[in-house]
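Below are the chains, spelled out letter by letter.
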Amino acid sequence: MAARINYSVQNTLCLLNPLNYSVNAKTTHFKTGLNFSKNLIFPRKLKRPTFCTCAVSNNDRQSSEAAETFVLTTPLYYVNAPPHMGSAYTTIAADAIARFQRLLGKKVIFVTGTDEHGEKIAAAAAAAGSTPSQHCDVISQAYKTLWKDLEISHDKFIRTTDPKHEGIVKEFYSRVLDKGDIYRADYEGLYCVNCEEYKDEKELLDNNCCPMHLKPCIERKEDNYFFALSKYQKQLEENLTQNPNFVQPPFRLNEIQYLVIAVMFIWCFCQLLVQLFMLLMHRYKVGSKSGLKDFSISRASVDWGIPVPNDNKQTIYVWFDALLGYISALSAEKEQPDLQTAVSSGWPASLHLIGKDILRFHAVYWPAMLMSAGLDLPKKVFGHGFLTKDGMKMGKSLGNTLEPNELVHNFGSDAVRYFFLREVEFGSDGDYSEERFINIVNAHLANTIGNLLNRTLGLLKKNCQSTLVVDSAVAAEGNALKDAVEKLVEKARIHYENLSLSSACEAVLEIGNAGNAYMDENAPWTRFKQGGAASEAAAKDLVVILEAMRIVAIALSPVAPSFCWRIYEQLGYSKDHFNTVTWSGTKWGGLKGGQVMAQPKPVFARIENKTELEDEAATRKPVKSKQKKPQAQVAAEAAESLISRN
Ligand SMILES: Nc1ncnc2c1ncn2[C@@H]1O[C@H](COP(=O)(O)OP(=O)(O)OP(=O)(O)O)[C@@H](O)[C@H]1O
């Protein structure tokens, strides 16, 4: 959706009642205890893994009829320019949430798409020398391609130029009209073309510049249709009171609440003066009591849009049109649905995931529109922070964007997904630096998790013919690592549930750290050399660490799906098995004695840091023409040398 700005979200929401918002995160504790099993039995016959364990309980992947539905949306991105890392950020986060909800066994409908009408699109097409329709096809395809490269698992991709969407918008408009919530009036004001929105003068910078796009707004006068937003002030207030979690994260409303205390005070005082004045003048205008202003929902000057029913001279305002994409997306492919059919296919949404720039449209305008049309409200709206460059929001209109295709091409989708979800606390702003990117993914994915798996499998190959000597449940009786893993994976689940994606990653990474510490403390390579009972204990230690790795592979799969599949593959499982695994598979005890692991190979190739390499090259003596090895080979050799060192 067009970043039709939301610095004024505070102006809008603060006029609703201030509320107390809080989130309580619960953590679960497990008992700890030490009690090693004495019966270490080396199986006589090597087996492929059998899969009748808790690793896959198909009961978790509930039958689609019985399963709870979870409808999740990203904004429909405005096709004024190709996607950038900001657009990718919301979609990656949504994908991680969708994958997590699927692991819980829910029937997920993950909606994304493109917002394709409006003045800005027509202008962008003209600038590119194409028709708006051709332009939309090209840019919309660029989004689809990027989503594929980033392994986005959306179920629906809606384009607002899709005829089925147009039908639904017209029907919705007529419903709202019948309700008496649309009227015609003149409007004169300052208009930001990039936001596609009239602005309050007080929101603007010097020279009437839009604070988001840093371009001057233009004076514009139009005869438009208006939506009676002010009529819904009270109902919106009630919605926020009754559903304190409707807008997330809580601090976004807390910030507003802080402002509201001052603003409300001034506002109440002004209202008192106004009321007195009105009493004196014996005049009272409907809507003036309310803090919310009616907004115009048509444009006379824009051709590229859905015509207003019964008035071909006007087109429907791009926001009034685009928000309905969340509903039209739900209808079956190629169906020409009516509004009711689409609504009954999954509405209301469980979660709208958006950037904070468009919170006002989702938390105020959209609920009021739905109330007017007699439809249910979405259950939750989460406004995350911005990826910034030099402190400014990265955006298409400013052109200060980071190119996601390049990042995926250079570093792979797992690294991109992991870095942004791990490094930017979900809800807050975050900056990108290549050096930090490389350091983080190398340290976490290549070292903490990848190397641990590789070292363990290397030792298992050398000492146990790549075969587990005992069930992981038996190997870990009373084991401290098991207890730590159980606590951490439960922590990760709670964080995923609360959309604290960075903390969820951190909890999973802690499992890797605990596994490394366990490996170093127990030094199985030494104990294998001692033979006898020491060697048996060492073999059990490897089972324990590999079980922890199996759990990591499930718990991190919403964030880095291919990386986790590679871990799973190394543990000897099939792709089908991985695709049907559920969150209950994170319960300790999936690996069985006799299971044969794959030949060890690195699951994440370390990224070479150019600066490091250049420094190294500058100090190194010239070597006779040696061919540069591919990264995967370099990593494999590094891992091999680690194993042999052990
Ligand atoms: N810098 C960013 N950081 C995080 N999310 C972003 C960023 N930029 C865009 N988004 C995501 O895209 C949504 C806005 O989509 P839109 O297509 O309007 O992109 P935009 O780049 O902000 O456009 P413009 O620069 O033209 O205003 C935001 O609500 C958010 O979900």
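Just so it is clear, the model here is predicted, and its values are computed rather than measured.

### Observations regarding the overall build of the protein
- Each helix and strand in the protein was counted, giving 23 helices and 16 strands.
- When burial is assessed residue by residue, the protein has 56% of its 646 residues classed as buried.
- Residue pairs in contact within the protein that sit at least 24 positions apart in sequence constitute 80% of those at least 6 positions apart.
- Accessible surface for the protein amounts to roughly 28400 Å². Of this, 52% is attributable to carbon and sulfur atoms.

### Examining the pattern of salt bridges
- Scanning the entire structure with this criterion turns up 25 salt bridges.
- The salt bridge involving Glu119 is made with Arg220; its shortest N-O contact spans 2.9 Å. Highlighted residues: Glu119 in helix 3 (residues 119-127) and Arg220 in strand 6 (residues 218-227), separated in sequence by 101 residues. Just as Glu119 is buried, Arg220 falls in that class too.
- The partner of Arg422 in a salt bridge is Glu423, and the shortest N-O contact between them spans 3.8 Å.
- When salt bridges that share partners are traced, they join Asp95, Arg99 and Arg417 into one network.

### Let's talk about the nonpolar core
- Core analysis: the biggest nonpolar cluster contains 172 residues, and Met85, Phe172, Ile327, Phe420, Phe437 and Phe563 have the highest contact counts within it.
- Among the elements that line this core, the one with the most residues is helix 19 (residues 532-555), at 14 residues.
- Those residues in contact with Met85 that lie beyond four places of it in its chain are Ile92, Leu387, Met394, Leu402, Pro404, Leu407, Val416 and Phe420.

### Some remarks on the packing of aromatic side chains
- Across all of its chains, the model carries 32 aromatic pairs by this definition.
- For the pair Phe100 and Tyr496, a centre-to-centre distance of 4.8 Å together with 20° between the ring planes defines the contact as stacked. Here Phe100 is found in helix 2 (residues 85-103), whereas its partner Tyr496 is found in helix 16 (residues 480-497), with 396 residues between them in sequence.
- Since its relative accessible area comes to 1%, Tyr496 is described here as buried.
- Measuring from centroid to centroid gives 4.9 Å for Tyr191 and Tyr198, while their planes differ by 70°, and the two rings are edge-to-face. Each member of the pair, Tyr191 together with Tyr198, is buried.
- Taken together, the ring pairs in this structure connect Phe172, Tyr173, Phe227, Tyr232, Phe295, Trp319, Phe320, Phe361 and Tyr365 into an aromatic cluster.
- Lying over the aromatic face of Phe386, Lys356 brings its terminal NZ or CZ to 4.8 Å of the ring centre.
- Across from the ring centre of Phe386, 5.5 Å away, lies the NZ or CZ of Lys393, which sits over that ring.

### What to know about a nonpolar patch on the surface
- Among the surface-exposed residues, Leu205, Leu214, Met392 and Leu398 lie close enough to one another that they form a single nonpolar patch of about 300 Å² accessible area.
- Along the polypeptide, Leu398 turns up in the loop between strand 15 (392-393) and helix 12 (404-411).

### Structural notes on unusual backbone geometry
- Cis geometry marks the peptide bond from Gln248 to Pro249, where omega comes out at -5°.
- By the element assignment, Pro249 lies in the loop between strand 7 (247-248) and helix 7 (250-281).
- In this structure, the amide linkage connecting Trp347 to the following residue, Pro348, adopts the cis form with an omega of 10°.
- Relative to the assigned elements, Pro348 resides in the loop between helix 10 (339-343) and strand 12 (351-355).
- In the Ramachandran plot, Gln465 falls in the positive-phi region, its phi being about 50° despite a non-glycine side chain.
- Residue position: Gln465 is located in the loop between helix 14 (434-464) and helix 15 (472-475).
- Note on Gln465: relative accessible area 51%, which makes it exposed.
- Phi is positive for Ser466, which is not a glycine, with a value near 60°.

### Here's the deal with helix 13 (residues 413-423)
- Burial analysis of helix 13 places 10 of its 11 residues in the buried class, which makes it a mostly covered element.
- Among the residues of helix 13, Ser413, Asp414, Ala415, Val416, Arg417, Tyr418, Phe419, Phe420, Leu421 and Arg422 are the ones counted as buried.

### Quick look at the UniProt feature "domain: Methionyl/Leucyl tRNA synthetase" (unreviewed entry) in the protein
- Following the UniProt record, the feature "domain: Methionyl/Leucyl tRNA synthetase" (unreviewed entry) maps to residues 71-209 and 289-457 here.
- A distance of 37 Å separates the end C-alpha atoms of residues 71-209, which is 45% helix and 25% strand.

### Some words on the sheet that holds strand 10 (residues 307-308)
- The strand order across the open sheet built from three strands is 9-11-10, with neighbouring strands paired in antiparallel fashion. Lying at the two open borders of the sheet, with one neighbouring strand each, are strand 9 (298-299) and strand 10.
- Sheet topology note: the strand 9/strand 11 (residues 311-316) ladder contains two bridges and is antiparallel. In the strand pairing of strand 11, Arg299 is matched with Thr315.

### Brief notes about the pairing of strand 1 (residues 69-78)
- Strand 1 sits mainly inside the fold: nine of its 10 residues count as buried.
- Following the chain from strand 1 across helix 2 to the adjacent parallel strand 2 (residues 107-115), one finds a crossover that is right-handed.
- Here strand 1 runs beside strand 12; their pairing, made up of two bridges, is parallel. Bridge pairing in strand 12 places Leu72 opposite Leu351.

### Some thoughts on the packing of helix 12 against helix 13
- As a packed pair, helix 12 and helix 13 sit with axes 7 Å apart at the nearest point and diverge in direction by 120°. One element, helix 12, and the other, helix 13, form an angle in the oblique class. Every residue of helix 13 that contacts helix 12 at Leu407, Val408 and Phe411 is listed here: Ser413, Ala415, Val416 and Phe420.

### Observations concerning the sheet that holds strand 3 (residues 156-159)
- Read from one edge to the other, the open sheet built from six strands follows the order 3-2-1-12-13-7, with strand pairing classed as parallel. Bordering the open sheet on either side are strand 3 and strand 7, each of which pairs with just one other strand.
- Sheet strands in contact with helix 4 (residues 132-149) are strand 1, strand 2 and strand 3, and its direction is about 165° off that of strand 3.

About the thresholds
- Residues numbered from 1 in each chain as written.
- Predicted model: local features only at pLDDT ≥ 70, side-chain atom pairs only at ≥ 80, totals over all residues.
- Heavy atoms only, no water.
- Helix = DSSP H or I, 4+ residues; strand = E, 2+ residues; numbered from the N terminus.
- Buried < 20%, exposed > 50% of the residue type's maximum accessible area, 1.4 Å probe, protein only.
- Contact = heavy atoms within 4.5 Å.
- Areas by Shrake-Rupley, 256 points an atom, 1.4 Å probe, with all protein chains shown as cover.
- Salt bridge = Lys/Arg side-chain N within 4 Å of Asp/Glu carboxyl O.
- Core = buried A, V, L, I, M, F, W, Y, C linked by side-chain atoms within 4.5 Å.
- Phe/Tyr/Trp six-rings, centres within 6.5 Å; stacked < 30°, edge-to-face > 60°.
- Lys NZ or Arg CZ within 6 Å of the ring centre and 35° of its normal.
- Patch = residues over 30% accessible without salt bridge, like charges linked within 9 Å, V, L, I, M, F, W, Y side chains within 5 Å.
- UniProt positions renumbered as here; feature names shortened; annotations may be inferred.
- Pairing = 2+ DSSP bridges.
- Right-handed = clockwise from strand over helix to strand, strands pointing away.
- Axes fitted to C-alpha atoms, helices over the stretch in contact; angles between N-to-C directions.
- Parallel < 35°, antiparallel > 145°, perpendicular 65-115°, else oblique.

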